[in-house]
Amino acid sequence: DTGVSQNPRHKITKRGQNVTFRCDPISEHNRLYWYRQTLGQGPEFLTYFQNEAQLEKSRLLSDRFSAERPKGSFSTLEIQRTEQGDSAMYLCASSLVGTSNYGYTFGSGTRLTVV
Amino acid sequence: ILNVEQSPQSLHVQEGDSTNFTCSFPSSNFYALHWYRWETAKSPEALFVMTLNGDEKKKGRISATLNTKEGYSYLYIKGSQPEDSATYLCASPWGNMLTFGGGTRLMVKP
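These lines cover the structure that appears in this document, whether it is placed above or below. Just so you know, these numbers come straight off a predicted model, no measurement behind them.

Residues and elements named next belong to chain B. In terms of burial, strand 9 (residues 86-94) is largely enclosed, as seven of its nine residues are buried. By the bridge criterion, five bridges tie strand 4 (residues 33-38) to strand 9 in an arrangement that is antiparallel. For Trp 38, the partnering residue across the bridge sits in strand 9 and is Thr 87. When strand 9 meets strand 11 (residues 104-109), the two strands line up antiparallel, connected through three bridges. Across the sheet, the residue bridging to Thr 87 is Arg 105, located in strand 11. The turn joining strand 9 and strand 10 (residues 97-100), which pair antiparallel and follow one another in sequence, is formed by two residues; a positive phi near 65° is taken by Gly 95.

This is the structure we're talking about:
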């Protein structure tokens, strides 16, 4: 297992287009999180899954954002009708329930630029 | 919503200097405090997870202390090296997710 993998690393898109990002967590981890980080800020929570169930969504997550984790394995985050304010680093992390004292394992992120 | 704050926002030091920065968090309902190091173009990497008041953890030249009663944690780097240049994030659990501070960006000049 090579850790948490995110694709693509970079995405440039025109305003109004849809984009989809993928996250492959550590295979034994049953929790998967999506965070967004903008310049000068810390990562902000977007949503998390336990297995295939999406258990919590931030108020930051407008209805243009949707996330899935089919079969409790990889996850996708889709942004519809992108806006310039969506430009950010999108981070995925995974953990195993009951082991939060070891911290989360993060991917390298997908940097989205909306032009 | 948990309010986690970090200071300073950025720090420039010379190679060999020792440095420290602060993370503050609400002391009520404390559960844990995480520190991460995030180097450019890499994944944030967990450094420490601290749970007990008075806890002190060490990893090489980096150490951290925790005061849960007054709601702060310090991260110390002894003899900074250019490879220590990174953003250092602290975070505390709120419900089932981590709430992060804004980070301290450390730049170590050779």
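This model, assessed by the stated rule, comprises seven salt bridges over all chains. Residue A:Arg22 pairs with A:Asp24 through a salt bridge whose shortest N-O separation is 2.8 Å. By relative accessible area, which is 34% here, A:Arg22 ends up partly exposed. Where B:Glu39 meets B:Lys42, a salt bridge forms, and the shortest distance between an N and an O atom there is 3.8 Å. You can call B:Glu39 partly exposed: its relative accessible area is 24%. Through salt bridges that share partners, A:Arg64, A:Glu83 and A:Asp86 make up one connected network.

Quick look at the state of the cysteines now. By the definition in use, this model includes two disulfides over all chains. Across a sulfur-sulfur distance of 1.9 Å, A:Cys23 and A:Cys92 are joined as a disulfide pair. An S-S torsion of about -65° defines the bridge between A:Cys23 and A:Cys92 as left-handed. Note that A:Cys23 is positioned in strand 3 (residues 19-24) and A:Cys92 in strand 9 (residues 88-95), a separation of 69 residues in sequence. Judged by relative accessible area, which is 0%, A:Cys92 ranks as buried. One disulfide bridge connects B:Cys23 with B:Cys90, the sulfur atoms lying 2.0 Å from each other. The chirality of the disulfide connecting B:Cys23 with B:Cys90 is right-handed, given an S-S dihedral of about 80°. Placement of the pair is B:Cys23 in strand 3 (residues 19-24) and B:Cys90 in strand 9, with a sequence separation of 67 residues. For B:Cys90, a relative accessible area of 0% corresponds to the buried category.

Conventions used here
Residues numbered from 1 in each chain as written. Chains lettered and ligands numbered in written order. Predicted model: local features only at pLDDT ≥ 70, side-chain atom pairs only at ≥ 80, totals over all residues. Heavy atoms only, no water. Buried < 20%, exposed > 50% of the residue type's maximum accessible area, 1.4 Å probe, protein only. Helix = DSSP H or I, 4+ residues; strand = E, 2+ residues; numbered from the N terminus. Pairing = 2+ DSSP bridges. Salt bridge = Lys/Arg side-chain N within 4 Å of Asp/Glu carboxyl O. Disulfide = S-S within 2.5 Å.

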